[in-house]
Every structure is written in C-alpha cells, then in structure tokens.
Amino acid sequence: MAKILMKGNEAIGAAAIEAGCKYFFGYPITPQSELPEYMSREMPKVGGVFLQAESEIAAINMVYGAAGAGARVMTSSSSPGISLKQEGISYIAGAELPCLIVNIMRGGPGLGSIQPSQTDYFQATRGGGNGDYRLVVLAPANIQELVDLIMEGFDIADQYRNPVMILGDGMIGQMMEPVEFKKPKKRELPEKDWATTGTKGKRKPNIINSLYLAAEELEEHNKRLQEKYRAIKENEVKVESYNIEEADIIIAAYGTTSRIAKTAISQLEKEGYKVGLIRPISLWPFPYEEFNKISDKCKGILTIEMNTGQMVDDVKIAANGRFPVYFYGRTGGMVPTPNEIVEKVKEVYGGDK
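Here the structure is a predicted model, which is why all the values come from computation and not from measurement. (Residues numbered from 1 in each chain as written. Predicted model: local features only at pLDDT ≥ 70, side-chain atom pairs only at ≥ 80, totals over all residues. Heavy atoms only, no water.)

Participant: Before we go on, may I ask you to explain a nonpolar patch on the surface in this structure?
Facilitator: On the surface, Y23, V49 and L51 cluster together into a nonpolar patch covering about 210 Å² of accessible area. When you line up the elements, V49 lands in strand β3 (residues 49–52). (Patch = residues over 30% accessible without salt bridge, like charges linked within 9 Å, V, L, I, M, F, W, Y side chains within 5 Å. Areas by Shrake-Rupley, 256 points an atom, 1.4 Å probe, with all protein chains shown as cover. Salt bridge = Lys/Arg side-chain N within 4 Å of Asp/Glu carboxyl O. Helix = DSSP H or I, 4+ residues; strand = E, 2+ residues; numbered from the N terminus.)

Here it is, written out as structure tokens:
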C-alpha cells in the first residue's frame, strides 16, 4: 500500500474510519481541531455520523449512548476539554462500554497554552473521574504508530469492553509524516450481545448502567472490573527498548519526547557514552517488568517529560530501589532539546564514562 503524507490530526480521523468507526462526537479545541473538521467532511461519505456537540460534556455522553448501542464510536479533545469529559468517562468505564478517546495534550494547568505538553499523564493513567476504574492508555511517538494504535485501540476497546485513550501532544497532532494504513493483527472479538439494539420481542431488554445501590452488588462489580484490568495488564503491555542490558544510563521517555531522546542518545554514543532507552507505548498498563532487564551496572535512570514530573513516579516504582531515578522536564509548552538531554545525561554520569 502506498504511503500518504498526512497531518497527525487528520491521520487519526482516517485511521478511525478505516477501523470501522461510524460515530464521532466532539467539540473544537486547539491543537486538535483539524480532527473534528476532518471527520465532519469524511464521516458522511462512509455512512457515518459526525456531530459537533454543544459542549465537551454533551459529546462524551453522546459517546456513552452510541457505545451502549454497540457502535464503534470515538471522541477527541485537548487537555481542558478532556477534563470536562471526566464524569462521562467514569460512567462509560463503569458501564463497561468500548470507545476510543483521543487527547492531544496542551500546556496547563487551566486553559494554559496551545503548545505541546505531557501534563495529563496523571489524569490519563490514574483516572480523572471518580471510582476504581482504568483506561487503556496508548502513547504514539510518530504518525505511523499513531495510525496503528488508533486501529488497534478500537479492537482493544471491543475485546475488553473498556475505553481506550490515545495520549498524544500538540506536536504529534500538528506534524506531517508519511503513513500507510495496515490492518491490525486480527483479534477474536466477542459478540456485542449486551448492546441496547432493541429486543424485537425476542429477548429480555439489555440494560446499560453504572449505578449499583446495594453495596454488596457494587463491590462484586468492582471485583469483576479488577479481574478485567488484571487480564489487560497480562496481555496489553507495549514497550520499545534499546540497549538496556549494556547501558550505563537509561533514558525513560514516551511519545514525541522519546524521539528527541533518541537524537540525544545518538549524539552521546558518538562521544563514547553508553545510553539506553525504555519507551513505554502503553502508559497503562505500564511496562514495569521491562525495567527488571536493566543491567546492575547501570548508574541511573533519567526520565524525560514535557511536564514537572509525572511518569517519573511510575519509573521509580519500576526501578524498585535498584537504581537512582533522575528527572528532567520542560513545561508550559516548552519542549526539551537534544542538547539539554545530552547535558543532563553527562551530569548524571558525573564526568566518568
């Protein structure tokens, strides 16, 4: 299949349509507004529905309705808009409905800026809404991977009856790269016999709900959810590693920041430094086990993020006291440069190669 040059936001829409998405409900916000614009133009061509809701809150509840009817559905927004959707996301997770949610992150807190950021890691991986629930959170580092994860994300959502979030940033939404649309590895997906599609007098009505007034009943529901989350942690961890058995310093970074880190690593290797990389692709489930493969001679792990320190907490858990964990971040929409990372690695080295 020929490659096509596409902007990230538009590639998301094209991949979603290729994956069979038939409903998109959203609301414009920079830096992801090209995505709803693309969907408004392209969805009707495939018999799908685009609807610009009156608010982000309305959009996520429309997602709830379409997902409850068994449709492949998605929404997208950027950081403040995702915050507005949190109540609905908790309801969707509680009702065990599959859907895809895209967050193209911008600087915060509050309205912040329209520049790229990674400040929503806590919100995405810890659950921004109420209750004991989890989203599968996938973090692409380039447009091809973005397309691949969008398409696989719909399958993951259907397999586990769970919302999946694609966590990108303003750079990945706005950059242009060549992509091709490849079918994801085939999964055996369950029938949606739980969907509210009308009984036609042939069965009892299906009920989609996240309300359990009896404490014992809610506890059993939460236990079932936790069993599902354990299965996701066993089967859906995604990670890229480089030179972690030989490196003196390991960089941990995700998304487009990891690309900057790779440039820094290349520069450092030319100067004789041994530096490896762990790039979590699934932020939840987090690839804790990958950190066990790091050599005992490692001097430390340097976490690089576009925030003041969020994924670094998971890296510390993964390191489990075996190595010191350092952090370098830029925030407010500022992007770390390869030279800044190089200098920080040299500082961790302490001048001794």
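Participant: Hey, could you run me through the nonpolar core in this one?
Facilitator: Side chains of nonpolar character tend, in soluble globular proteins, to be buried together. Formed by 88 residues in total, the largest nonpolar core has its most connected members in M39, M74, I150, F291, I294 and I301. With 10 residues, helix α7 (residues 143–160) is the single largest residue contributor to this core. Among all residues touching I294, those that are not within four sequence positions of it are I244, I250, I278, I301, R322 and F323. I249, Y273, I341 and V345 belong to the second largest nonpolar core, which has 18 residues in total. (Core = buried A, V, L, I, M, F, W, Y, C linked by side-chain atoms within 4.5 Å. Buried < 20%, exposed > 50% of the residue type's maximum accessible area, 1.4 Å probe, protein only. Contact = heavy atoms within 4.5 Å.)

Participant: Whenever I open this one, helix α11 (residues 311–319) confuses me. Can you help?
Facilitator: Helical geometry note: an α-helix holds 3.6 residues per turn, so side chains three or four residues apart project in the same direction. When we look at burial in α11, the residues that qualify are M311, V312, D314, V315, A318 and A319. On an axial view of α11, the arc spanned by its buried residues comes to 155°, and they lie on one face. Contact partners of the buried residues in α11: α6 (121–126), β10 (249–252), β11 (275–280), β13 (300–305) and β14 (325–329). Among the residues trailing α11, N320 stands out with phi positive, at a value near 55°. (Arc of directions from axis to C-beta.)

Participant: What's the story with the sheet that holds β10 in this structure? I'm lost.
Facilitator: Pairing between the strands of a sheet is mediated by backbone hydrogen bonds and can be parallel or antiparallel. Read from one edge to the other, the open sheet built from 5 strands follows the order β9-β11-β10-β13-β14, with strand pairing classed as mixed. The sheet terminates laterally at β9 (239–242) and β14, the two strands that pair on one side only. On average, each strand axis in the sheet is inclined to that of its neighbour by 20°, with strand direction left out of account. The sheet contacts of helix α10 (residues 255–270) involve β9, β10, β11 and β13, and relative to β11 the element is tilted by about 170°. Sheet strands in contact with α11 are β10, β11, β13 and β14, and its direction is about 160° off that of β13. (Pairing = 2+ DSSP bridges. Axes fitted to C-alpha atoms, helices over the stretch in contact; angles between N-to-C directions.)

Participant: Would you explain the environment of Q174 in this entry?
Facilitator: When you line up the elements, Q174 lands in helix α8 (residues 170–174). Residue Q174 is classed as partly exposed on the basis of its relative accessible area, which comes to 30%. Measuring from C-alpha to C-alpha, the distance between Q174 and Q32 comes to 8.0 Å, with 142 residues separating the pair along the chain. Not counting residues up to four positions away in its chain, the partners in contact with Q174 are K7, N9, P31 and E34.

Participant: Explain unusual backbone geometry here, please?
Facilitator: Leave glycine aside and you will find that most residues have negative phi; peptide bonds, for their part, are mostly trans. Looking along the chain, the bond that leaves T30 and enters P31 is cis, with omega of 10°. A positive phi is found at E96, a non-glycine position, where the angle reads about 60°. For E96, the position within the fold is in the loop between α5 (86–94) and β5 (99–105). Its identity as a non-glycine residue notwithstanding, R161 has a phi of 50°, on the positive side. Along the chain, the position of R161 falls in the loop between α7 and β7 (163–169).

Participant: Please explain the packing of helix α1 (residues 8–18) against helix α2 (residues 34–42) as it appears in this structure.
Facilitator: In helix packing, the relevant descriptors are the interaxial angle and the interaxial distance, both defined with respect to the helix axes. Their axes nearest at 7 Å, the elements α1 and α2 cross at an angle of 40°. As far as their axial angle goes, α2 and α1 are oblique. Every pair of crossing elements has a handedness; the one defined by α1 and α2 is right-handed. From α1, N9, E10, I12, G13, A14, A16 and I17 reach across to α2, where they touch E34, L35, Y38, M39, R41 and E42. Partitioned by chemical class, the residues of the contact of α1 with α2 number 7 nonpolar, 2 polar and 4 charged. (Parallel < 35°, antiparallel > 145°, perpendicular 65-115°, else oblique. Left-handed = near helix turned anticlockwise from the far one by under 90°. Nonpolar A, V, L, I, M, F, W, Y, C, P; charged D, E, K, R; others polar.)

Note that all results are geometric; they support no functional claim without further evidence.
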